[in-house]
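If you want the building blocks of each chain, they are given just below.
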Amino acid sequence: KQEVTQIPAALSVPEGENLVLNCSFTDSAIYNLQWFRQDPGKGLTSLLLIQSSQREQTSGRLNASLDKSSGRSTLYIAASQPGDSATYLCAVPSGGYNKLIFGAGTRLAVHP
Amino acid sequence: GAVVSQHPSWVICKSGTSVKIECRSLDFQATTMFWYRQFPKQSLMLMATSNEGSKATYEQGVEKDKFLINHASLTLSTLTVTSAHPEDSSFYICSAGLAAIHSGGDEQYFGPGTRLTVT
């Protein structure tokens, strides 16, 4: 059974810091891994999707890496801003129909 | 592109009544739609997977007679919470994708969620 773990559960940093959010999964036989952002009371916004054949993906100040063999992914946020404050979730597909298994998320607060 | 809508965005109902939540893919056809539930400060838990024209597949522990799912077309899936009780109060989120079994590599697109409060 696939399990996804995210560390840390919460993070509070001053503006401008570079951050690393961690995601680990127990079954390395995945097709891809996605990182999402969720604002309070809102739905999910897809940030990055890394295919199993890729090592990393970049979008603006975000960089996500994937190491399938070790069952780990990291989301790197450069030069954090208060607008980055949100919960960040990672998810991997599992079983038929690519249903997603989510981690519990990292709640990020970036203060001015 | 790839926009998914949900209606209503929030609903308050009395205990014992039924509530229907709609999930629509606005600019693409989704062969598969997923329904998730999220309790406060917790992650998303998959409730069921629905495919157009067939019965939904429910996750273990989810009552199929309580959470009725209808995937009537390639752009619409509905979740009906029957005889709702306060413990059903939650944030319900749907997603739509072009996923097929073992296809891999497809993104899921999420709706904005529906906040259900049962009094």
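Quick note: structure is the one above.
Along every chain, residues carry numbers that run from 1 in the direction the sequence is written. Each chain gets a letter, beginning with A, and each ligand a number, beginning with 1, in the order they are written. Only residues with pLDDT of at least 70 are given local features in this predicted model, and only at 80 or more are side-chain atom pairs given and counted; all residues enter the totals for whole chains, interfaces and linings. The side-chain values count all of the structure's non-hydrogen atoms but skip hydrogen atoms and water molecules.

Enquirer: So, the side chain of T82 of chain B: which residues are in play, and what are the values?
Expert: All names here are of chain B. Per the convention used, a helix needs a DSSP run of H or I reaching at least four residues, while a strand needs a run of E reaching at least two, with both numbered from the N terminus. Tracing the sequence through the fold places T82 in the loop between strand 8 (76-81) and strand 9 (90-97). Within polar-contact distance, the side chain of T82 engages the backbone oxygen of D65 at 3.2 Å. Residue contacts are defined here by distance: any two heavy atoms, one from each residue, within 4.5 Å place the two residues in contact. When near neighbours in sequence (up to four residues on either side) are disregarded, T82 contacts T17, S18, D65, K66 and L68. Contacts described as polar in this section are N or O atom pairs within 3.5 Å, which, within protein, must combine one atom able to donate a hydrogen with one able to accept it, while residues neighboring in sequence count only if both atoms come from side chains.

Enquirer: Give me the lowdown on the sheet that holds strand 3 (residues 19-25) of chain A, citing residues and values where you can.
Expert: All names here are of chain A. Here five strands make up an open sheet; going across it, the order is 1-3-8-7-6 and the pairing antiparallel. Each of the sheet's edge strands pairs with one partner strand only, and the pair in question is strand 1 (4-7) and strand 6 (56-59). This sheet shows a mean twist of 15° between the axes of neighbouring strands, independent of strand direction. Looking at chain direction, strand 3 and strand 8 (residues 72-77) are connected through six bridges and run antiparallel. Within strand 8, the position partnered with S24 by the bridge is R72. Strand pairing is assigned whenever DSSP identifies at least 2 bridges connecting the two strands. Axis definition: a line fit to C-alpha positions, over the contact stretch in the case of helices; interaxial angles, taken between N-to-C directions, run 0 to 180 degrees.

Enquirer: Lay out the sheet that holds strand 1 (residues 4-7) of chain B with the relevant residues and their values.
Expert: Note: strands within a sheet are paired through backbone hydrogen bonds, in either parallel or antiparallel orientation. Residue and element names in this part refer to chain B. The strand order across the open sheet formed by four strands is 1-3-8-7, and the pairing between neighbours is antiparallel. Lying at the two open borders of the sheet, with one neighbouring strand each, are strand 1 and strand 7 (67-73). Across the sheet, the mean angle separating the axes of adjacent strands is 15° when strand polarity is ignored. The pairing of strand 7 with strand 8 spans five bridges and is antiparallel. Bridge pairing in strand 8 places I69 opposite L79.

Enquirer: Can you lay out the side chain of T32 of chain B for me, pointing to particular residues and giving the numbers?
Expert: Residue and element names in this part refer to chain B. Residue position: T32 is located in strand 4 (residues 32-38). Relative accessible area serves as the criterion here: at 1%, T32 is assigned to the buried category. Within the structure, the side chain of T32 is placed 2.9 Å from the side chain of N51, a separation counted as a polar contact. Residue exposure (1.4 Å probe, protein chains only): buried if accessible area is under 20% of the type maximum, exposed if over 50%, otherwise partly exposed.

Enquirer: Lay out the pairing of strand 5 (residues 44-51) of chain A in plain terms, naming residues and giving numbers.
Expert: Residues and elements named next belong to chain A. Relative to strand 5, strand 4 (residues 32-38) runs antiparallel, the two being bridged by seven bridges. Within strand 5, the residue paired with L33 across the bridge is I50. Counting the residues that bridge the hairpin from strand 4 to strand 5 gives five residues, and of these G41 lies at a positive phi of roughly 70°.

Enquirer: For the pattern of salt bridges, give the residues involved together with the corresponding values.
Expert: Residues and elements named next belong to chain A. One speaks of a salt bridge when a side-chain nitrogen belonging to Lys or Arg is within 4 Å of a carboxyl oxygen belonging to Asp or Glu. A complete count under the given rule lists four salt bridges over all chains for this structure. R37 is the salt-bridge partner of D39, the closest N and O atoms lying 3.0 Å from each other. On the basis of relative accessibility, which here comes to 17%, the residue R37 falls in the buried class. One salt bridge connects R61 with D84, and the closest N-O pair in it is separated by 2.8 Å. Taken together, the residues span a long stretch of sequence, with R61 in the loop between strand 6 and strand 7 (62-67) and D84 in the loop between strand 8 and strand 9 (86-94) at a distance of 23 residues.

Enquirer: Please set out the nonpolar core residue by residue, giving values where relevant.
Expert: For soluble globular proteins, the rule of thumb is that nonpolar side chains tend to be buried together. One finds W35, F67, L79, Y92 and L116 of chain B to be the most contacted residues of the largest nonpolar core, which totals 24 residues. Counting residues per element, the ones that place at least two in this core are strand 2 (10-13), strand 3 (19-25), strand 4, strand 5 (44-51), strand 7, strand 8, strand 9 and strand 11 (114-118) of chain B. Residue contacts for L116 of chain B: discarding those within four places in its chain leaves V11, C13, V19, V81, D88, S89, S90 and Y92 of chain B. Membership of the second largest hydrophobic core comes to 22 residues, among which are V13, L19, F25 and W35 of chain A. Note on terminology: a nonpolar core comprises buried Ala, Val, Leu, Ile, Met, Phe, Trp, Tyr and Cys residues joined through side-chain atoms within 4.5 Å.

Enquirer: Lay out the environment of R37 of chain A in plain terms, naming residues and giving numbers.
Expert: Residues and elements named next belong to chain A. One can find R37 in strand 4. Sequence separation between R37 and S69 is 32 residues, and the spatial gap between their C-alpha atoms is 25 Å. Those residues in contact with R37 that sit more than four places away from it in its chain are G43, L44, T45, L47, G83, D84, S85, A86, T87 and Y88. A polar contact of 3.4 Å, which involves the side chain of R37, links it to the backbone oxygen of S85.

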